[in-house]
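Working through the structure, step by step
Take a look at the letters that make up each chain.
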Amino acid sequence: MNAKERYLAVLDDDKRKDLDRVPTFVQYIRSEFVELHQQKFENVNVPFKSDIPRFKNAYFMGFESVFGGVYPGLRVSRVEVED
């Protein structure tokens with residue numbers, strides 16, 4: 001099962017039962033860590049087109065996905081939560 005199949009299976013009640021393992025992800029990798037290991041991260045190749053450095057770094061470290069950033073122009077309104 002590849003990473004895409006694994007993540008899609010999480011959303012399907014029947015396929016979820018056939019997961020080989022839990023999908024892995026990382027929220028972020030600290031920039032200090034990346035700077036410390038820059039030579040290892042420089043020539044990371046992923047099996048598909050990606051120009052997102054934070055994903056390439058996470059992939060190199062064995063994670064299947066990285067928590068996406070939020071578009072800086074996105075505005076979010078507060079809502080009142082009722083208990």
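Read on for an overview of the structure. (Residues numbered from 1 in each chain as written. Predicted model: local features only at pLDDT ≥ 70, side-chain atom pairs only at ≥ 80, totals over all residues. Heavy atoms only, no water.)

Now for the nonpolar core. Counting residues in hydrophobic clusters, the biggest one holds nine residues: V26, I29, V34, F41, V44, V46, F55, A58 and V66. Non-local contacts of V44, meaning those with residues more than four positions away in its chain, are made with K56 and F60. (Core = buried A, V, L, I, M, F, W, Y, C linked by side-chain atoms within 4.5 Å. Buried < 20%, exposed > 50% of the residue type's maximum accessible area, 1.4 Å probe, protein only. Contact = heavy atoms within 4.5 Å.)

By the secondary structure assignment, N45 is in the loop between α4 (38-42) and α5 (53-60). Expressed as a C-alpha distance, the spacing of N45 and Y59, which sit 14 residues apart in the sequence, is 8.9 Å. (Helix = DSSP H or I, 4+ residues; strand = E, 2+ residues; numbered from the N terminus.)

Within the structure shown, the criterion is met by two aromatic pairs. Pairing F33 with F41 gives two aromatic rings, centres 6.3 Å apart and planes at 55 degrees, and the pair type is tilted. On the basis of relative accessibility, which here comes to 7%, the residue F41 falls in the buried class. Grouping aromatic residues by their ring pairs yields a cluster made of F33, F41 and F60. (Phe/Tyr/Trp six-rings, centres within 6.5 Å; stacked < 30°, edge-to-face > 60°.)

Turning our attention to the pattern of salt bridges. According to the stated counting rule, one finds five salt bridges in the structure shown. R30 is paired through a salt bridge with E32; the nearest N and O atoms lie 3.3 Å apart. Because the salt bridges share partners, they merge into one network encompassing R6, D20, R21 and E64. (Salt bridge = Lys/Arg side-chain N within 4 Å of Asp/Glu carboxyl O.)

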